[in-house]
2 protein chains.
Amino acid sequence: MTRTVFEKSDVIPLVTEVFRELGYEGASLSKITARTRLSKGSLYYFFPGGKEQMVAEILAHIDQWFINNIFEPLEKNEPRAAIDHMWREVDAYFQSGQRICLLGAFAMDGTRDRFDTVIRQYFMRWIEALSTALVRTGVSKETADQISEETVAGIQGGLVVSRALNDDSFFERTLARLAQRLSTYHYLN
Amino acid sequence: MTRTVFEKSDVIPLVTEVFRELGYEGASLSKITARTRLSKGSLYYFFPGGKEQMVAEILAHIDQWFINNIFEPLEKNEPRAAIDHMWREVDAYFQSGQRICLLGAFAMDGTRDRFDTVIRQYFMRWIEALSTALVRTGVSKETADQISEETVAGIQGGLVVSRALNDDSFFERTLARLAQRLSTYHYLN
DNA sequence: GTCTATACAGTGATAGAC
DNA sequence: GTCTATCACTGTATAGAC
């Protein structure tokens, strides 16, 4: 009889996948226990606040990952390199479209109201960080804002349609087109 | 004491709004009865198959609306006029971003598996209908497919981010940019 | 075609043993 | 830090009166 002992940092990725697959309301405690192999007791040990706390911590965790791996590089590093880096990270993170964006998905249903602030901040910072990088390549603020909005929305749309069609190649093509278009702006400068 | 008597065609739009706001799992029968002012008894009279049947009929209804108002015009009418018409209808239908796309939202969670076929067909037909119209303006098949994928994904992404930011103007800007970009293709021909 | 009453499974959450 | 047992409540669905 094996007994696995976890700490919270092990648990979060496990629970995250369940919410990603089933959504906030769809991820019932029994579904979560079944898929994580953790009992309700253990779950409430880590998250005394229940589902709401789980998701709050999951979203904070995802947000932090994007800050570290995408937003801050865009804000601070050499902009063209940071943009290239963003495309690689985005493709890897979303597993070529097989993984959805939890913050985007939660924006679409009643869950949004609960996690309003994190969701808004995440998208605002992504758009602003990308715009900042573009401005540093010499693109005008107005153009940079426009193309950043278009790019971030394009990624989300790619995830939606790719999943709707059940076709990973759709997401790949979308990323390639967006990256191509973005580069036509910053290569000019 | 007033008593309102409905037929199914009256009920579907009412129920649709509830699923749009709350998602499949979030829209419990008690939430639906509260918001539509119809009792469970009445609901099961119209939809003996329960929630699953409700959503199946809702999605079929939405799909049919898009076929009549957007897809068939794109496939049959003068292409540039049909594309202009599409932009107006899309903006009106999604109420400038305040209304989400149910088929897109359902693609993002566990609901997708239940309504797999309708969801896939809807997006495939939209992309193909738009591509067909573009080809008829003289754009090459390859370019038309590309720009159609980009446009449909862009609309979905606009809805996601607009709602995430809680900012209708984001959706409006997204539509304007996509329409502008699309026109640069078919105006050339 | 409307409704209320009811069944009973599944829900989030807690207590307490190990 | 793990678990099972149990709680009150909400979930979907049905029956039957009007």
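These figures come from a predicted structure and were not determined experimentally. (Residues numbered from 1 in each chain as written. Chains lettered and ligands numbered in written order. Predicted model: local features only at pLDDT ≥ 70, side-chain atom pairs only at ≥ 80, totals over all residues. Heavy atoms only, no water.)

1. Some remarks on the state of the cysteines
Applying the stated criterion across every chain, the model contains zero disulfides over all chains. Between B:C101, a free cysteine, and A:C101, which holds the nearest cysteine sulfur, the sulfur-to-sulfur gap is 17 Å. Relative accessible area serves as the criterion here: at 2%, B:C101 is assigned to the buried category. (Disulfide = S-S within 2.5 Å. Buried < 20%, exposed > 50% of the residue type's maximum accessible area, 1.4 Å probe, protein only.)

2. Some points on the interface of chain B and chain A
Taken residue by residue, the interface counts 39 residues in chain B and 38 residues in chain A. Summed over both partners, the interface of chain B with chain A comes to about 3,500 Å²; 60% of that surface belongs to carbon and sulfur atoms. Our count for the chain B to chain A interface comes out at six salt bridges. A salt bridge links B:R173 to A:E149; the nearest nitrogen and oxygen atoms lie 2.6 Å apart. The interface formed by chain B and chain A contains 12 residue pairs in polar contact (both at pLDDT 80 or more). At the level of elements, α1 (8-26), α6 (102-107), α7 (111-136), α8 (141-165) and α9 (168-186) of chain B are the ones that each hand at least two residues to the side of chain B that touches chain A. Examining the composition of the side of chain B that touches chain A, we find that 13 residues originate from one element, α8(B), more than from any other. (Contact = heavy atoms within 4.5 Å. Buried area = accessible area lost by both parts, 1.4 Å probe. Salt bridge = Lys/Arg side-chain N within 4 Å of Asp/Glu carboxyl O. Polar contact = N/O pair within 3.5 Å; in protein donor to acceptor, adjacent residues only side chain to side chain. Helix = DSSP H or I, 4+ residues; strand = E, 2+ residues; numbered from the N terminus.)

3. A few points about the protein's contact with DNA strand D
Of all residues adjacent to DNA strand D, which total 18 residues, the nearest are A:F6, B:L29, B:S30, B:K40 and B:Y44. When atoms of DNA strand D within 4 Å of the protein are split into backbone and base, the sugar-phosphate part holds 66%. Measuring from a phosphate oxygen of DNA strand D, one finds a side-chain N or O atom of A:S42 at 3.0 Å. Within the contact set of DNA strand D, a phosphate oxygen lies 2.6 Å away from a side-chain nitrogen or oxygen of B:Y44. Of all the secondary-structure elements, those providing two or more residues to the surface near DNA strand D are α3 (40-46) of chain A together with α2 (29-36), α3 (40-46) and α4 (50-76) of chain B. Per-element tally for the surface near DNA strand D: the top contributor is α3(A), with four residues. (Near = heavy atom within 4 Å.)

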